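Chain residues, written in single-letter form:
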There are 2 protein chains.
Amino acid sequence: MPMSDIYIPMTERSMQEPTLLLLTALADAPRHGYALIQEIAVISDGRVKMRTGTLYSALDRLLQQGLIRVERDEVIDGRARRTYALADAGRATLAAEADRLRAVVAEADRRLRTTRPTARGALA
Amino acid sequence: MPMSDIYIPMTERSMQEPTLLLLTALADAPRHGYALIQEIAVISDGRVKMRTGTLYSALDRLLQQGLIRVERDEVIDGRARRTYALADAGRATLAAEADRLRAVVAEADRRLRTTRPTARGALA
DNA sequence: CGACATATGCCGATGAGCGATATATATATC
DNA sequence: GATATATATATCGCTCATCGGCATATGTCG
């Protein structure tokens, strides 16, 4: 019989840049969705214009993972507004991610400065 | 009539960690596939055990993008071995990626240290 | 009235990465 | 001689974060 086993990933994928920027944008203060898009544009120096499809699905996912929480719901000038805050777990995750990336970037810099033509140092 | 337009992404996705580690592992010297897996384990302090599925498909992709090149093909002790080297474009891409990540990490650190309870500084 | 900023949300498509599997040789252990 | 582990490359199907597009609604500016 065909066993239709469910795919269960063993390792969790490393965080991608949009998610990293999202947590970073929430690190200093709670913000609502639209404000996050603008804040991320500022953080990334105009490079990243986050799509709402990315934003709201990421917010849903991060809520589910417990990395962020809903701070409050309001209606401002007739427009609904949902404000999100970084949860303790999200704060810890962001700090760990920053440490991890700092180490990799340092290693990349080190290697870019110490280039050898071959792995054993030999050269024609 | 149903227009079956082809999906053409406007922006290129940001590099993920496995790719970043791959380029980093090639930054100081050319290496072959299996050596890259081991080198990446060292760089990431044992955290990342790259799968061959990820490795060889990434190598194919990076070759196609011109970020790496085949340095040489050998047969060592009866085993085939293909050695890859970082191309100039790959070197530039890695350097740019490092700059970018350094900036985001610095911003994350800054924000984690300057946390306010709300976006406007008010608190109950 | 039309254009644009504000604000949230859904949906289909894409592709990097993951787990599994296959193949083959060399070396170490029983 | 069998069995396990290290070396080495390669392919396949699956998942999920991200992307682009679309929908909806209000407020403001010209």
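Residues numbered from 1 in each chain as written. Chains lettered and ligands numbered in written order. Predicted model: local features only at pLDDT ≥ 70, side-chain atom pairs only at ≥ 80, totals over all residues. Heavy atoms only, no water.

### What to know about the interface of chain B and chain A
Facing 39 residues of chain B, the contacting portion of chain A comprises 40 residues. When chain B packs against chain A, close to 3500 Å² is buried across both sides, 56% of that on carbon and sulfur atoms. Of all residues in chain B, the largest losses of buried area upon contact with chain A belong to Asp28, Arg111 and Leu112 of chain B, amounting jointly to 19% of the total for that side. Applying the counting criterion to the chain B and chain A interface returns eight salt bridges. The interface formed by chain B and chain A contains twelve residue pairs in polar contact (both at pLDDT 80 or more). Taken together, the elements giving at least two residues each to the side of chain B that touches chain A come down to helix 1 (17-26), helix 2 (33-43) and helix 4 (88-113) of chain B. Here the side of chain B that touches chain A is composed, by residue class, of 18 nonpolar, six polar and 15 charged. (Contact = heavy atoms within 4.5 Å. Buried area = accessible area lost by both parts, 1.4 Å probe. Salt bridge = Lys/Arg side-chain N within 4 Å of Asp/Glu carboxyl O. Polar contact = N/O pair within 3.5 Å; in protein donor to acceptor, adjacent residues only side chain to side chain. Helix = DSSP H or I, 4+ residues; strand = E, 2+ residues; numbered from the N terminus. Nonpolar A, V, L, I, M, F, W, Y, C, P; charged D, E, K, R; others polar.)

### Overview of the pattern of salt bridges
Summed over the entire model, instances satisfying the criterion amount to 28 salt bridges over all chains. With a closest N to O distance of 3.5 Å, Arg31 of chain A and Glu39 of chain A form a salt bridge. In terms of burial, Arg31 of chain A and Glu39 of chain A fall into one category: buried. Measuring nitrogen to oxygen at the nearest pair gives 2.7 Å for the salt bridge that ties Asp73 of chain A to Arg82 of chain A. Since its relative accessible area comes to 49%, Asp73 of chain A is described here as partly exposed. Since its relative accessible area comes to 41%, Arg82 of chain A is described here as partly exposed. What you see here is one network of salt bridges that share partners, running through Asp28, Arg31 and Glu39 of chain A together with Glu107, Arg110 and Arg111 of chain B. (Buried < 20%, exposed > 50% of the residue type's maximum accessible area, 1.4 Å probe, protein only.)

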